[in-house]
Amino acid sequence: YFRANGLEDELKRDPKVTWIVTFFAAWSPSCATFTPTFSKLSAKYFLPNLKFGKIDVGRYPDVADAYHINTTALTRQLPTIIMFQEGKEVGRVPAILNGKIQKFLFKEEDLVNTFDLNNLYSECKKDKRYAAQIKKLEEAEKAEESKKDK
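These lines cover the structure that appears in this document, whether it is placed above or below.

### Digging into the overall build of the protein chain
Thinking step 1. For the protein chain, the count of helices and strands is 6 helices and 6 strands.
Thinking step 2. Helices and strands appear in the protein chain in the N-to-C order α-β-α-β-α-β-β-β-β-α-α-α.
Thinking step 3. A globule of 150 residues ought to have a C-alpha radius of gyration of about 15 Å, and the protein chain, at 16 Å, matches this closely.
Thinking step 4. Counting only C-alpha atoms and orienting by the principal axes, one finds that the protein chain spans roughly 50 × 35 × 25 Å.
Thinking step 5. Taking all 150 residues of the protein chain together, the buried fraction comes to 41%.

In structure tokens, the structure reads:
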């Protein structure tokens, strides 16, 4: 979870990390429904250079304003998921085209396809700058799997 200026700080800290961030409000039923899907995606695709985060724009309305996210009770912009690469926004859902919010169903497969997560994950795994950290993650996953098999 990010706090008010935590997202900007993190994006600047290591611009080589790709971030997928959910902008949500605790009071929004759509956000509550989406939470398990985002958790599943973050567990499945997390790497040291592919990270997932959340920020409660209900608590931090300045962040919502900075990213042009409407947080009124009737909004269709919650949740909003934004992908950042090299510290800059490269994609978001729901998209806004010609001032109109495009309908988006927040299903796992739709998010995987929209952000091309399978290819992104493969590319991030190849980044030699993070090889040691990725190897540790893989070893931990194997150890976890062997515990389950016993």
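### With respect to the side chain of T22
Thinking step 1. With respect to the helices and strands, T22 occurs in strand β1 (residues 18-24).
Thinking step 2. Among the residues examined, T22 registers a relative accessible area of 1% and is labelled buried.
Thinking step 3. Every residue in contact with T22, bar those within four places of it in the chain, is listed here: F34, F38, G53, K54, I55, P79, T80 and I81.

### Re the pairing of strand β4 (residues 88-93)
Thinking step 1. Two elements, strand β3 (residues 80-85) and β4, share 5 bridges in a ladder whose sense is antiparallel. If you follow F84 over to β4, its bridge partner there is E89.
Thinking step 2. Between the end of β3 and the start of β4, which pair antiparallel, lie 2 residues, with E86 showing a positive phi angle near 55 degrees.

### Some points on the packing of aromatic side chains
Thinking step 1. With the rule as written, the count across this model stands at 9 aromatic pairs.
Thinking step 2. For the pair Y67 and F84, a centre-to-centre distance of 5.7 Å together with 80 degrees between the ring planes defines the contact as edge-to-face. A residue pair is termed long-range when its members are at least 10 positions apart, and Y67 in the loop between α3 (61-66) and β3 and F84 in strand β3 qualify at 17 residues.
Thinking step 3. The buried category is assigned to F84, whose relative accessible area is 1%.
Thinking step 4. One aromatic cluster in this structure is built from F34, F38, F52, F104 and F106.
Thinking step 5. Cation over ring: K54 sits above F24, and NZ or CZ is 4.8 Å from the ring centre.

### Details of the environment of A64
Thinking step 1. Looking at the element boundaries, A64 is found in helix α3.
Thinking step 2. Taking the C-alpha atoms as reference points, A64 and A4, separated by 60 residues in sequence, lie 9.9 Å from one another.
Thinking step 3. Residue contacts for A64: discarding those within four places in its chain leaves V57, I69 and T71.

Criteria and cut-off values
- Residues numbered from 1 in each chain as written.
- Predicted model: local features only at pLDDT ≥ 70, side-chain atom pairs only at ≥ 80, totals over all residues.
- Heavy atoms only, no water.
- Helix = DSSP H or I, 4+ residues; strand = E, 2+ residues; numbered from the N terminus.
- Rg over C-alpha atoms; globule rule 2.2 N^0.38 Å.
- Buried < 20%, exposed > 50% of the residue type's maximum accessible area, 1.4 Å probe, protein only.
- Contact = heavy atoms within 4.5 Å.
- Pairing = 2+ DSSP bridges.
- Phe/Tyr/Trp six-rings, centres within 6.5 Å; stacked < 30°, edge-to-face > 60°.
- Lys NZ or Arg CZ within 6 Å of the ring centre and 35° of its normal.

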